Amino acid sequence: MKFFVDTADTKEIRELAATGLLDGVTTNPSLIAKSGRKILDVIAEICDVVPGPVSAEVAATDYDQIMREAAVLRRIAKNVTIKVPLTPDGLRACKALSSDGAMVNVTLCFSAAQALLAAKAGATFISPFVGRLDDIGQDGMELIADIVQIYSNYDALKTEVLVASVRNPIHVITAAKLGAHVATLPPAVLRGLYSHPLTDKGLAAFLADWAKTGQTIA
Ligand code: E4P
């Protein structure tokens, strides 16, 4: 499973990229707003740090303006992935952009029917938002299971399932068990994957015993 980080905080991205485990980055208009920076500058800096797909979301909703914004975003770097909303105009843009060789991430997916449309429109990634579904009392992971199953029924559908709106490590593990290709994680969730109290306890005991030997290795 590929791990993307869901943030526009370039300090966080640099630290996480240094782990060697980061495959890409997703941003959205809310995350860009939170960064307090200009979108073109932030995306350019992220693309310099992370060679994998970096999602930059258009702010337009009509086809012509989506295409104009996508052209500007695509010029930033080769690894920019154009993020479009799951609307008729967004999917029309998805089809045009993917036919022209761009990577496209279709965002704000909340149903299997929407995911099927995005795949037919040539999306590189479909982003189902599991946390926001859980928030309204629907099972986000059921949607992931449905999409993974539907896509696997058709060799012609090449779209990767990018699990979004992830809130905790259980979301990540459940999505991995279901065979989702990618999860985009808030930095805190990504860091949380390392943690287990028995790892901390075991390491403390090993180090205490080692100290008693008075040895050094290097
Ligand atoms: C995905 O690309 C979105 O940016 C993101 O996962 C949304 O998550 P949220 O529901 O926590 O805002």
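Residues numbered from 1 in each chain as written. Predicted model: local features only at pLDDT ≥ 70, side-chain atom pairs only at ≥ 80, totals over all residues. Heavy atoms only, no water.

S.K.: Could you clarify how one ought to interpret the pairing of strand β3 (residues 54–57) in this entry?
M.R.: Each regular strand shows side chains that alternate between the opposite faces of the sheet. Neither face of β3 is exposed, since V54 and A56 on one face and S55 and E57 on the opposite face are all buried. Relative to β3, strand β2 (residues 24–26) runs parallel, the two sharing two bridges. Along β3, the bridge assignment pairs T26 with S55. Both β3 and strand β4 (residues 80–85) contribute to a ladder of four bridges, which runs parallel. (Buried < 20%, exposed > 50% of the residue type's maximum accessible area, 1.4 Å probe, protein only. Helix = DSSP H or I, 4+ residues; strand = E, 2+ residues; numbered from the N terminus. Pairing = 2+ DSSP bridges.)

S.K.: Explanation requested: the sheet that holds strand β5 (residues 103–109) in the structure shown.
M.R.: Sheet strands pair via backbone hydrogen bonds, and the direction of the pair is either parallel or antiparallel. On the basis of which strands lie adjacent, the closed barrel formed by eight strands has the order β1-β2-β3-β4-β5-β6-β7-β8 and parallel pairing. Across the sheet, the axes of successive neighbouring strands diverge by a mean angle of 30°, strand direction being ignored. When strand β1 (residues 2–6) meets strand β8 (residues 182–185), the two strands line up parallel, connected through four bridges. By the bridge assignment, V5 is partnered in β8 with L185. Docked against the sheet, helix α8 (residues 140–152) engages β5, β6 (125–128) and β7 (160–163), running at close to 170° with respect to β7. (Axes fitted to C-alpha atoms, helices over the stretch in contact; angles between N-to-C directions. Contact = heavy atoms within 4.5 Å.)

S.K.: How should the nonpolar core be read in this particular structure?
M.R.: Within soluble globular proteins, side chains that are nonpolar generally end up buried alongside one another. Counting residues in hydrophobic clusters, the biggest one holds 58 residues, and the most contacted among them are V84, V106, I126, V161 and V163. Per-element accounting of this core gives the leading share, six residues, to α8. Ignoring any residue separated from it by four or fewer positions in sequence, one finds V106 in contact with V84, P85, L86, L91, C94, A118, A123, F125, I126 and S127. (Core = buried A, V, L, I, M, F, W, Y, C linked by side-chain atoms within 4.5 Å.)

S.K.: Can you help me understand the pattern of salt bridges in this one?
M.R.: Once their charged atoms are close, side chains differing in charge can pair, the charge on each being opposite to the other. Inspection of the entire model under this criterion finds ten salt bridges. For R191, the salt bridge goes to E15, with nearest N and O atoms at 3.2 Å. Here the residue R191 occupies a position in helix α10 (residues 187–192), and E15 occupies one in helix α1 (residues 10–17), the gap between them amounting to 176 residues. Accessibility expressed as a relative area gives 33% for R191, which makes it partly exposed. In this structure E15 comes out as partly exposed when scored by relative accessible area, which is 40%. (Salt bridge = Lys/Arg side-chain N within 4 Å of Asp/Glu carboxyl O.)

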